[in-house]
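# Structural description and commentary
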2 protein chains.
Amino acid sequence: MEKQNDELEQLAINTVRILSADAVQKANSGHPGTAMALAPMGHVLWTKFLNYNPKSPDFANRDRFILSAGHACILQYNFLYLTGYDLSLDDIKQFRQLHSKTAGHPEYGLAPGVDVTTGPLGQGFANGIGFAIAQKHLAARYNKPGFDLFNYNIYSIVSDGDMMEGVTSEAASLAGHLQLGNLIYLYDDNHISIEGSTDIAFNEDVSARFRAYGWHVQDLPDVNDTHALELALINAKSETQKPSLIRVRSLIAYGSPNKSGTAGSHGSPLGPDEIKLVKEFFGFDPEESFEVPAEVLKYYNEKGARGEKTEAKWNELFAKYKEKFPELAAEYEAAFKGELPQGWADKLPVFKGSDPKMATRQASGKVLNAVAASLPNLIGGAADLAPSTETNLKDFDSFTSENRGGRNFHFGIREHAMGSALNGMALTKGVLPFGATFLQFADYMRPPIRLAAIMKISPIFVYTHDSIGLGEDGTTHQPIEHLATLRAIPNVTVIRPADANETSFAWKVAIEKKGGPTVLVFTRQGLPILDQDKYGKAADLEKGAYILSEASKNIDLILMATGSEVALIMQAQEKLEAEGISTRVVSMPSWELFEKQDAAYKEKVFPKASRKRLAVEMASPMGWHKYTTDEGDMLGMTTFGESAPAEDLYKFFGFTVDNVVNKAKALL
Amino acid sequence: MEKQNDELEQLAINTVRILSADAVQKANSGHPGTAMALAPMGHVLWTKFLNYNPKSPDFANRDRFILSAGHACILQYNFLYLTGYDLSLDDIKQFRQLHSKTAGHPEYGLAPGVDVTTGPLGQGFANGIGFAIAQKHLAARYNKPGFDLFNYNIYSIVSDGDMMEGVTSEAASLAGHLQLGNLIYLYDDNHISIEGSTDIAFNEDVSARFRAYGWHVQDLPDVNDTHALELALINAKSETQKPSLIRVRSLIAYGSPNKSGTAGSHGSPLGPDEIKLVKEFFGFDPEESFEVPAEVLKYYNEKGARGEKTEAKWNELFAKYKEKFPELAAEYEAAFKGELPQGWADKLPVFKGSDPKMATRQASGKVLNAVAASLPNLIGGAADLAPSTETNLKDFDSFTSENRGGRNFHFGIREHAMGSALNGMALTKGVLPFGATFLQFADYMRPPIRLAAIMKISPIFVYTHDSIGLGEDGTTHQPIEHLATLRAIPNVTVIRPADANETSFAWKVAIEKKGGPTVLVFTRQGLPILDQDKYGKAADLEKGAYILSEASKNIDLILMATGSEVALIMQAQEKLEAEGISTRVVSMPSWELFEKQDAAYKEKVFPKASRKRLAVEMASPMGWHKYTTDEGDMLGMTTFGESAPAEDLYKFFGFTVDNVVNKAKALL
């Protein structure tokens, strides 16, 4: 006989609790307590609120779910398995094992149904703001009367740790400002962190703080009261102006007689004896592990199966939409697949050698504005530096609470949230996001850059004011180590173009890039435009390094540089050649693009036989030795900068033609 | 005849406004608007509240002043000049010029009276929390009835930008929790940011937010009402439980007929024509520049001169204190000078080769606890990871709102604020701070690490869980590029010890370090202890790299590694030697310490003639080429990690004896 619904639901919830404890125990590492505590929350979400299709995890109008408290991932894995995603009980048993889908924190692209990689606290919270922005923007662009194509919400489970992280504050303030009513966040207020009670470090009034940001806040005293949870979620859904925070009190490791409510159950397995007690507490067989009652599996499977109908209905709607709005539908379909509109690259501007000096940030602004109309899905903004980074799309509106179709974003002085929001946007198929600030402030947003690289998604990070060349703002604003530290992240492509034409192609690479973020690095100061009729072609930027100006005869010396220093080594080449030293100049805007070339091309640019090489970059020398060889040298910055007009700094730090020439000659 | 006081004060304020506009104009770059707007605020602070002695900028009981809105530094420079610091009108005229004291943002160590380098927004705000902690701690340790040695406050001017930055939220929450009533922050609410009105990105209720953090908040409608400002500051001083925020509405570039209240006056000179109008507005001669009425200079000079008496009185008090509490006085005097107690290093533990495996984080915990009693000024904590980072000082209390003498800090899950607070603590002579988290989360706190390096101060940053060796927590938690990115910052010393004994000496270096921060990097996993009777001495860690195990005959090969990989290359050496390949093993815990050695020592460790070298480190290879040479190789991590037990990861990523041996043999 089938159990009464309430009884079955309770059994289902307890099954998830015990599966969580078992999986962590088998892995002999992990975080059982939060998953056990939040099983009722997961239950309510996956059975009554989340809109998803386990057979089609990419379904465009699905609700997004973000486990910002990523350490509790076994909770999510269990619901993915139980509702019918391509994740088996064996996968649950392989929790935290090599090459399994069930990694120690949820990884996008590994387990189906994981919308975003989380773990570093605060990131998931802030990614959600990007997801929410993208939903609003897609709806504004594509929804039509009778065609509510995009009306999904963004759900997240967040923790005390998330609440303490600064990126959360930035993101919450931005979400309140933008009135992202499609955000529904459940805050697991469990009073426990690794060092013990949260009271030892955290006693602010979180609810009042979020109300101050403009959020709708509800407080629930007990996560086990699933009816109250449902009601709160219904309220949150109907609140469409303000983002929603539902603060839910929970007891970590609920059901564990000796460990519930303690820090000890946060990050360690309960131990075999305690798990038996848990099973007894919930009326399960203490000798069994990974027990899933058939009716529970059936129950969750049926809940999951509803998604097929939901998606079929949406597909029908989209088919009708396509008939009525064929162009928009085609545009969206292409964008969903990550295809770019035909011919967009023809709009990339070409600059003449006779044009006046131009900062690459300025060139970047011209490129962006030249291609913006052809790339309707390109959206972006700056952390209160649009005028300085030249990233405003002049023919388009700003994205605001009133205008969701706007393509310019005002992220405020919130670099970190901007980075994390870009990731949420980039994870939403159909938009192509960029965000800008000064290179120095890349330090404020490294975690999202790294996560973009881990997730193999391709937001574009734009950084201007890239060296001591920014001048008077001084030491605190002059990047030194930043190029090295960005190049050091696996799967990130860093491009520092030498002039306006290389800037055009840098944007081309960034926009076409798949499988990882691109970092574009631009100058504040004006640079001459290298004459395309006389020198190597800027199109070769796509190869990462190319011969810009060939040596007059057999190579005595190779000069290489990136960005603003390329013009400097061109002048040095002239002088060296005049002294009879046959000098090749290599422009090397991107190490990563160069490393992708075949051995023959690498040998062509840097012949093994020509090992007298000087690299010039107003940045840390770290990593250059590989290209300059044991017989070469590097002229870089080994100290911090100073506050002074740029020309004075070049002289003081040795970035002059004479010094380059002398350094080069010293190698011969 | 002398002007009436009110009239003189107004003239004084206007003089500062015009000096600010003139200085920015002469530099032809800078931020005039905020300085012009806040002149009344500066006036009230420097004449009526701040306790300081221009002739002795280091006076121990001075109030600290932090210009978190560092771009407005010309305001601070003007008051330093006018009140009699060693900063002249010529220095003001040299604003933003090479090697001048008046850099584009205030730099500690450059202009006397600048307590901390600011510029990157949010940092100053958060530094203040560290200053406030240090004041409370010094008072708890040294004040005695009748001897209120340390009773200073921490004043700061903060901006909209500071308020938006996440680090501010972390720091404000921590300050509220710790009830740092010695914080008095003035918030310049000018409604203007670079992109225009702050309304475009920022409309949260800042006052409500700060009340939620537990701050005392006052709102003032007009910065020009100096009497209201005074009253609010008196209130703030008398509120000793809660940190104070005084929110003050201002009009950017007040007095500029065409530019006040606009973003255009934020970051650019007003222009010569507009400056003339400003001078007319304030009744100054429009044709004069850098005009300082004699009575204004006299007035401010007299205000500054009071500080000599204040300090003399304090010195007297301290002399009496010294008589009554000679030991405490001597302890403080030594700590003030940065001297360490005699014999402290004798307490450093020595570990035996026969001891069981020990993680370097564990060894670090033993070292810390062994020396803590001998180093009363050593204080620190973790970002909610004390148990995991093993940084708890077991014999000492926690620093709380009730116990200011505690030496253990619970920073909460607020890595960024922890880093910035450590800087404020390290800037307070008399304490020696450390802070800990996982190496991965160093990414959350790079700005303060960099600023410590710029300021040449020496907080100790402790990072554990330093590689894929942490295992199951997976990709998001496994550092790859982090060692490279920390090594890339000028003036930072990174040390990754190979075992428990190297850990002892790593702490010795960190504690003795002057002139820059030390980053200590420890493992999660156990490591064998290298037998000090058989191999090179761990004391040589201080040289950065040393011969740990010598080749049996002429060197065929050099193996080098840091941290956990040293044990691996020791095993590889054994195998290689067994195959007749004469192999030297170099332990290289710190590049920076090695680079400080003379050429002879470097040649001894890495003879130029021995260029078959293999470096092994479970991290990005970036930068190793320099040490391995063109004829060597590096076994590192060129991708992100995975979630799995550590042993499985070692095998998968090739950190096995066999793979090291094969890579090494391939070089020969």
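Rules used in this analysis
Residues numbered from 1 in each chain as written. Chains lettered and ligands numbered in written order. Predicted model: local features only at pLDDT ≥ 70, side-chain atom pairs only at ≥ 80, totals over all residues. Heavy atoms only, no water. UniProt positions renumbered as here; feature names shortened; annotations may be inferred. Helix = DSSP H or I, 4+ residues; strand = E, 2+ residues; numbered from the N terminus. Least-squares fit on C-alpha atoms with pLDDT ≥ 70 in both. Contact = heavy atoms within 4.5 Å. Domains from an automatic or database assignment. Buried area = accessible area lost by both parts, 1.4 Å probe. Salt bridge = Lys/Arg side-chain N within 4 Å of Asp/Glu carboxyl O. Axes fitted to C-alpha atoms, helices over the stretch in contact; angles between N-to-C directions. Parallel < 35°, antiparallel > 145°, perpendicular 65-115°, else oblique. Left-handed = near helix turned anticlockwise from the far one by under 90°. Nonpolar A, V, L, I, M, F, W, Y, C, P; charged D, E, K, R; others polar. Buried < 20%, exposed > 50% of the residue type's maximum accessible area, 1.4 Å probe, protein only. Pairing = 2+ DSSP bridges. Core = buried A, V, L, I, M, F, W, Y, C linked by side-chain atoms within 4.5 Å.

## Some details on the UniProt feature "domain: Transketolase-like pyrimidine-binding" (unreviewed entry) in chain A
Residues annotated in UniProt with the feature "domain: Transketolase-like pyrimidine-binding" (unreviewed entry) correspond here to residues 358-529 of chain A. The straight-line gap between the two end C-alpha atoms of residues 358-529 of chain A is 7 Å; of that span, 33% is helix and 18% is strand.

## Description of the relation of the copies chain B and chain A
Take chain B, turn it by 180 degrees, move it 0.0 Å along the axis, and it overlays chain A with an RMSD of 0.0 Å. Such a combination of rotation and displacement between the chain copies is what one expects of a two-fold axis. No C-alpha of chain B lies nearer the rotation axis than that of B:G166, which sits 1.8 Å from it. Taken together, the interface assignments show that 100% of the residues at the interface of chain B recur at the interface of chain A, consistent with an identical surface on both copies.

## Observations concerning the domain arrangement of chain A
Residues and elements named next belong to chain A. Under the domain assignment, chain A is made up of domain 1 (5-307), domain 2 (344-527) and domain 3 (541-665). Each of domain 1 and domain 2 has a C-alpha centre, and the two are 33 Å apart. With 31 residues of domain 1 at the interface, the matching set in domain 2 holds 33 residues. For the pair domain 1 and domain 2, the summed buried area comes to about 2,600 Å², and 64% of that belongs to carbon and sulfur atoms. Among the residues of domain 1 in contact with domain 2, Y108, H137 and E170 are the three that bury the most area, contributing 22% of the side total. Put simply, domain 1 and domain 2 have one salt bridge between them. Linking D58 and K429 is a salt bridge whose minimum nitrogen-to-oxygen distance equals 2.8 Å.

## Points about the packing of helix α1 (residues 5-27) of chain B against helix α3 (residues 73-83) of chain B
Residues and elements named next belong to chain B. The N-to-C vectors of α1 and α3 enclose an angle of 120 degrees; their axes lie 9 Å apart at closest approach. Taken together, the axis directions place α1 and α3 in an arrangement best described as oblique. Taken as a pair, α1 and α3 cross one another with a handedness that is right-handed. On α3, the residues that touch V16, L19, S20, A23 and V24 of α1 are I74, L75, N78, F79, Y81 and L82. A breakdown of the residues in the contact of α1 with α3 according to their chemical character gives nine nonpolar, two polar and no charged.

## Regarding the pairing of strand β14 (residues 518-521) of chain A
All names here are of chain A. The alternating pattern of β14 places T518 and L520 and V519 and V521 on opposite faces, both of which are buried. Bridge count between strand β12 (residues 460-464) and β14: four bridges; the pairing is parallel. Residue pairing for β14: I460 is matched across the bridge by T518. Sheet topology note: the strand β13 (residues 493-495)/β14 ladder contains three bridges and is parallel. Within β14, the residue paired with T493 across the bridge is T518.

## With respect to the nonpolar core
Counting residues in hydrophobic clusters, the biggest one holds 264 residues, and the most contacted among them are A:I129, A:W215, B:I129 and B:W215. Those residues in contact with A:W215 that lie beyond four places of it in its chain are A:F125, A:A172, A:A175, A:G176, A:L183, A:Y185, A:F210, A:K242, A:P243, A:S244 and A:L245.

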